[in-house]
Amino acid sequence: MEEQIIIKTAEQIEGVRRSSKLAGNTLKTISEYVKEGVSTEYLDNIIEQYMRDNGAIPATLGYNGYPKSSCISLNDVICHGIPDEKTILREGDILNIDVTCILDGYYGDTSTMFSIGDISDEAANLIEHTEHAMYLGIDQVRPGNCFGNIGYVIGKFAKSKKYGVVYEFCGHGIGMDFHEAPQVEHLSARNSGAIMQSGMIFTIEPMINLGKSRAKIDKRDGWTARTIDGKLSAQFEHTILVTDAGYEILTDVGMYDIFK
Ligand code: MF3
Ligand code: CO
Ligand code: CO
């Protein structure tokens, strides 16, 4: 039997709301430090310090052996890029920073894109379209709609732009655990999947590629997922609560949605 999708209580919702807000504020804080010449390790250290200063723990640290407090994924890296001191940001780079907090036992997960100096038109378009795809998915969130319609609208839009939609990584339920049921697909059939109900909390986090959709995992570190053709990839992520009226974007703190 498939794992149940948890309907959160008012108290749990408030806990995830606070953790999600902190995750959003972590991205807002780090945006000041994302500049040419800095290493991804440097950014990771600031992220860890900011979370701890605010009473939280970075959820990725030690998660299934993952060694760092954030994922920082440059250019052809789709997701799970491991921060390190040798990866230095350069003019023309695009990158995703993905942070997850545990605050009082509750998880909040969000990511956004950054760019360094002048980037190509196709890179800028990919970023803008990927954020748009995420918001199309978010607009499907309301009680009574099915999860498949999130992936349906994202997939349809991405295909209209001739992009590859990553299907090997998904969004996920979240709250009392990092990854809860269900898996939230970014490419799915219309009117398929479980039905959304008020009180469910999950992420929508499409990864969209300029070329082919397939990912390959780095054999040496076991984590870094890259596009198979070396072309660029972009991703945005929010943690979303289903409300009676539709949705609340729990990780939205404004400001860093620069491409919206
Ligand atoms: N934050 C990622 C997500 O959105 C998960 C990272 S797991 C890690 O689901 F182990 F790679 F950090
Ligand atoms: Co994430
Ligand atoms: Co996530």
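Residues numbered from 1 in each chain as written. Chains lettered and ligands numbered in written order. Predicted model: local features only at pLDDT ≥ 70, side-chain atom pairs only at ≥ 80, totals over all residues. Heavy atoms only, no water.

**So, the layout of surface pockets**
Here is the rule we go by: A 1.4 Å probe that fits into a set of points on a 1 Å grid over the protein atoms alone but cannot get out defines a cavity; an open set with protein on both sides within 12 Å along at least five of seven lines defines a pocket, and lining residues are those with an atom within 4 Å of a point. Grid points are joined across faces, edges and corners, and a volume is the space filled by probe spheres set on the points. Note on conventions: DSSP H or I runs of at least 4 residues are helices, E runs of at least 2 residues are strands, and numbering of each starts at the N terminus. Residue polarity follows a fixed list, in which Ala, Val, Leu, Ile, Met, Phe, Trp, Tyr, Cys and Pro are nonpolar, Asp, Glu, Lys and Arg are charged, and the others, Gly among them, are polar.
Volume-wise, the largest pocket comes out at about 470 Å³. Lining the largest pocket are 26 residues, with His80, Cys170, His172, His179 and Glu205 positioned closest to its centre. Only strand E4 (94-103), strand E7 (171-173) and strand E8 (180-184) provide two or more residues apiece to the lining of the largest pocket. Take the lining of the largest pocket: its biggest share by element is four residues, from E8. The residue inventory of the lining of the largest pocket, partitioned by class, reads eleven nonpolar, eight polar and seven charged. No other element matches the four residues that E8 contributes to the lining of the second largest pocket.

**Some points on helix H3 (residues 121-138)**
To be explicit about the condition: Under the convention used throughout, the expected extent of a helix is 1.5 Å for every residue step, that is, one less than its residue count. Only protein chains enter the accessibility calculation, which uses a 1.4 Å probe; a residue whose area is less than 20% of its type maximum is buried, one above 50% is exposed, and one in between is partly exposed.
For H3, with 18 residues, the first-to-last C-alpha span of 26 Å sits near the 26 Å given by 1.5 Å per residue. Residues Ala123, Leu126, Ile127, His129, Thr130, Glu131, Ala133, Met134, Tyr135, Gly137 and Ile138 constitute the buried set of H3.

**Brief notes about the sheet that holds strand E11 (residues 215-217)**
The cut-off we apply is this: When DSSP finds at least two bridges between two strands, those strands are taken to pair. Working convention: axes come from line fits to C-alpha atoms, limited for helices to the stretch in contact. Angles between N-to-C directions cover 0 to 180 degrees.
As summarised here, the arrangement of the three strands in space is E3-E12-E11, forming an open sheet in which the pairing is antiparallel. Lying at the two open borders of the sheet, with one neighbouring strand each, are strand E3 (77-79) and E11. For this sheet the average axis-to-axis angle between neighbouring strands, irrespective of direction, equals 45 degrees. Pairing of E3 with strand E12 (residues 225-227) involves two bridges; the strand directions are antiparallel. Each residue of the ladder has a partner; that of Cys79, found in E12, is Ala225.

**Describing helix H2 (residues 40-53)**
Just so we agree on the cut-off: Residues are treated as being in contact if the distance between any of their heavy atoms lies within 4.5 Å.
Look at H2: 20 Å from first C-alpha to last across 14 residues, which is about the 20 Å you get at 1.5 Å a residue. Within H2 the residues assigned to the buried category are Thr40, Leu43, Asp44, Ile46, Ile47, Glu48 and Met51. Buried positions along H2 lie against helix H1 (10-30), strand E1 (57-58), strand E2 (71-74) and E4. Positive phi shows up at Gly55, right after H2, with a value of about 80 degrees.

**Observations concerning the nonpolar core**
The cut-off we apply is this: Nonpolar core, defined: a set of buried Ala, Val, Leu, Ile, Met, Phe, Trp, Tyr and Cys residues in which side-chain atoms within 4.5 Å join the residues together.
If you look at the biggest cluster of nonpolar residues, it comprises 33 residues, and the most contacted ones within it are Val141, Phe147, Ile150, Phe202 and Ile204. Residue contributions to this core peak at seven residues, all from H3. Those residues in contact with Phe202 that lie beyond four places of it in its chain are Val141, Phe147, Ile150, His172, Gly173, Ile174, Val184, Met196, His238, Thr239, Ile240 and Val242. Judged by nonpolar contacts, the second largest core, of 21 residues, contains Leu27, Ile30, Ile46 and Cys101.

**Here we look at the site of ligand 1**
To keep it simple, the criterion reads: Being near a molecule or strand, for a residue, comes down to having at least one heavy atom within 4 Å of it. Identification of polar contacts relies on pairs of N or O atoms within 3.5 Å, with a donor-acceptor requirement for protein atoms, meaning one able to donate a hydrogen and the other able to accept it, and with residues adjacent in sequence counted only if both atoms are side-chain atoms. For accessible areas, the Shrake-Rupley method is used with a probe of radius 1.4 Å. Any residue's cover is judged against the shown protein chains and nothing else. In this description, a molecule resides in a pocket or cavity if more than half of its atoms sit within 2 Å of the grid points defining it.
Near ligand 1, the surroundings consist of 14 residues, among which Thr60, His172, His179, Glu205 and Glu237 are the closest. Contact between ligand 1 and Glu237: an oxygen atom at 2.9 Å from a side-chain N or O atom of the residue. In the complex, the protein chains occlude 96% of the 340 Å² of accessible area that ligand 1 would expose alone. Its atoms largely coinciding with the cavity grid, ligand 1 occupies the largest pocket.

**Brief notes about the coordination of the cobalt ion (ligand 2)**
Angles between donor atoms at a metal ideally measure 109.5 degrees for a four-coordinate tetrahedral arrangement and either 90 or 180 degrees for a six-coordinate octahedral one. Let me state the cut-off plainly: Each metal's donors comprise the N, O and S atoms found within 2.8 Å of it (within 3.2 Å for Na, K or Ca). Water is not part of the atom list, so some coordination spheres may appear incomplete. In short, tetrahedral needs four donors with all angles between 85 and 135 degrees, square planar needs four and octahedral six donors with opposite donors over 155 degrees apart and all other angles between 65 and 115, and whatever is left is irregular.
With distances of 2.1 to 2.4 Å, the protein atoms coordinating the cobalt ion (ligand 2) are Asp98 (OD), Asp98 (OD), Asp109 (OD) and Glu237 (OE). For the cobalt ion (ligand 2), the six donor atoms are set out with angles of 58 to 164 degrees between them, so the coordination reads as irregular. Each donor residue of the cobalt ion (ligand 2) belongs to the same chain, and together they define the spacing D-x10-D-x127-E. Between the cobalt ion (ligand 2) and the cobalt ion (ligand 3), both coordinated by Asp109, there is a metal-metal distance of 3.3 Å. Here Glu237 lies in the loop between strand E13 (233-235) and strand E14 (238-242) and Asp98 lies in strand E4, a separation of 139 residues in the sequence. Comparing Asp98 with Glu237, the two get one shared label, buried.

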